[in-house]
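# Coordinate analysis (summary)
Listed below, chain by chain, are the residues.
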Amino acid sequence: MEKIEAIKEFGGWLNRYRHRSQACHCDMTFSVYLPPAAEREKVPAVYWLSGLTCTDDNFRVKAGAQRYAAELGLALVIPDTSPRGAEVPDVPERYDLGQGAGFYVNATQAPWATHYHMYDYVTRELPALVEAELPLTAARSISGHSMGGHGALICALKEPGVYRSVSAFAPICHPMACGWGQGCFKAYLGNDRETWAAYDATRLIEEGAPAMPLLIDQGTDDEFLAQQLHPISLERVCAARGFPLTLRWQEGYDHSYHFIATFIGEHLAYHASRLR
């Protein structure tokens, strides 16, 4: 784990690291914000999963989260959205498949299966690495946006007890029912749609995932709401099961980081209350 950048922010440090990933079989880059409290003691962490086309840079530059994390004594762990490198398969003409579009699954199909194991990377390899090398406790929460909101939901639902809390901004709630999800799932997981259900939050809840509170913010003017996100499908399944969902409709907000920056403080405070 090589530190390749360090920036002082709000009394803490925004660091970027590079390491050789055993899960993804390539060099991976990620960022960590360590609040001032990390100089005195180990601190809990919120893992942030970003959306299509993003790297770790989008959230750390645009969301304004570090100020809140410093005040709350939270670390922020910000992975990339996919494996990267010349040896990693890609579809350069598409933004929604390949590099930048890992979809937080473990791919089983060629040519993706060697490198595209973002689920194992996020839930196993990266936490083990940062908790061993940095002043972090084992207390974790998880959040994300769009494709990363989907990732946050499935990680929390599939790993009961690992995350103290989960939240999402405009998540892809039912990827089996939308173009983004169908395109990536068919490529990464194959033609058997039932294998896709293991990475679909709506299906996981429908099929009995252990209950935990879900906090979701969704903008009413989100340009992807009608075709890609399907929060109503998730809401219906949660209502049928009595699953604890707080779905907040934010009037006039779109899909951008302006939306995330507006409410990120509330989300981090929500996680801090459970991590502490």
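Look up: the structure comes first, before these words.
Now for a look at the structure at hand. (Residues numbered from 1 in each chain as written. Predicted model: local features only at pLDDT ≥ 70, side-chain atom pairs only at ≥ 80, totals over all residues. Heavy atoms only, no water.)

### Quick notes on the pattern of salt bridges
Two side chains of opposite charge can pair, provided their charged atoms sit close to one another. Summed over all chains, the structure comprises 17 salt bridges. Measuring nitrogen to oxygen at the nearest pair gives 3.0 Å for the salt bridge that ties Asp96 to Arg94. Classification of Asp96 by relative accessible area gives buried; the value is 13%. Between Glu207 and Arg203 there is a salt bridge; the shortest N-O distance is 2.5 Å. Connected through shared salt-bridge partners, Glu5, Arg16, Asp56, Asp57 and Arg60 make up one network. (Salt bridge = Lys/Arg side-chain N within 4 Å of Asp/Glu carboxyl O. Buried < 20%, exposed > 50% of the residue type's maximum accessible area, 1.4 Å probe, protein only.)

### Things to note about the pairing of strand 2 (residues 12-21)
Across the 10 residues of strand 2, 7 count as buried, placing the element largely inside the fold. Counting the residues that bridge the hairpin from strand 1 (residues 2-9) to strand 2 gives 2 residues, and of these Phe10 lies at a positive phi of roughly 50°. Where strand 2 and strand 3 (residues 26-34) come together, 9 bridges link them in antiparallel fashion. If you follow Trp13 over to strand 3, its bridge partner there is Leu34. Counting the residues between successive antiparallel strands, the hairpin from strand 2 to strand 3 contains 4 residues, one of them, His25, with a positive phi of roughly 55°. (Helix = DSSP H or I, 4+ residues; strand = E, 2+ residues; numbered from the N terminus. Pairing = 2+ DSSP bridges.)

### A few points about the side chain of Asp217
Take Asp217: it is sitting in strand 8 (residues 214-219). The class of Asp217 is buried, set by a relative accessible area of 0%. Polar contacts involving the side chain of Asp217 include one to the side chain of His267, which spans 2.9 Å. Contact partners of Asp217, with chain neighbours within four places excluded, come to Ala168, Phe169, Ala170, Arg248, Gln250, Phe259, Phe263 and His267. (Polar contact = N/O pair within 3.5 Å; in protein donor to acceptor, adjacent residues only side chain to side chain. Contact = heavy atoms within 4.5 Å.)

### Quick notes on the environment of Trp180
For Trp180, the position within the fold is in helix 5 (residues 179-189). In this structure Trp180 comes out as buried when scored by relative accessible area, which is 4%. Along the backbone, Trp180 and Ala101 are 79 residues apart, and their C-alpha atoms lie at a distance of 9.4 Å. Discounting chain neighbours no more than four positions away, the residues touching Trp180 are Leu52, Tyr95, Asp96, Phe103, Ser146, Ile172, Phe224, Gln228 and Leu229.

### Section: the nonpolar core
Core analysis: the largest hydrophobic core is formed by 96 residues, its most contacted members being Phe59, Leu76, Phe103, Tyr121, Leu136, Ile142 and Tyr188. Here this core takes 8 residues from helix 10 (residues 257-275), the largest share from any one element. The residues contacting Leu76, other than those within four sequence positions of it, are Ser31, Val32, Tyr33, Val46, Phe59, Ala65, Gln66, Ala69 and Leu268. (Core = buried A, V, L, I, M, F, W, Y, C linked by side-chain atoms within 4.5 Å.)

### Topic: unusual backbone geometry
With an omega of 0°, the peptide bond running from Ala110 to Pro111 counts as cis. Relative to the helices and strands, Pro111 is located in the loop between strand 5 (75-79) and helix 3 (118-133). Phi is positive for Ala170, which is not a glycine, with a value near 45°. You can see Ala170 is positioned in the loop between strand 7 (163-169) and helix 5.

### Remarks on the pairing of strand 3
The buried fraction of strand 3 is high, at 7 of 9 residues. Pairing of strand 3 with strand 5 involves 4 bridges; the strand directions are antiparallel. Bridge assignment links Phe30 to a residue of strand 5, and that residue is Pro79.

### A few points about helix 3
Of all bends in helix 3, the biggest is about 35°, found at Leu126, and the proline Pro127 comes one to four residues later. Looking at helix 3, one finds that the buried residues are Met118, Tyr119, Tyr121, Val122, Thr123, Glu125, Leu126, Pro127, Leu129, Val130 and Glu131. (Bend = angle between axes of the 7 residues up to and from the residue.)

### Re the packing of aromatic side chains
Inspection of every chain in the model, using the stated rule, returns 14 aromatic pairs. Their ring planes at 70° and their centres at 5.9 Å tell us that Phe259 and Phe263 sit as a pair that is edge-to-face. Of the two residues, Phe259 and Phe263 both sit in helix 10, 4 residues apart, roughly one turn of that helix. A network of ring pairs unites the aromatic residues Trp48, Phe59, Phe169, Tyr253, Phe259 and Phe263 as a single cluster. Taking NZ or CZ as reference, Lys158 lies 5.4 Å from the ring centre of Tyr119, over its face. Of note, Lys158 hangs over the ring of Tyr199, and the distance from its end group to the ring centre comes to 5.0 Å. (Phe/Tyr/Trp six-rings, centres within 6.5 Å; stacked < 30°, edge-to-face > 60°. Lys NZ or Arg CZ within 6 Å of the ring centre and 35° of its normal.)

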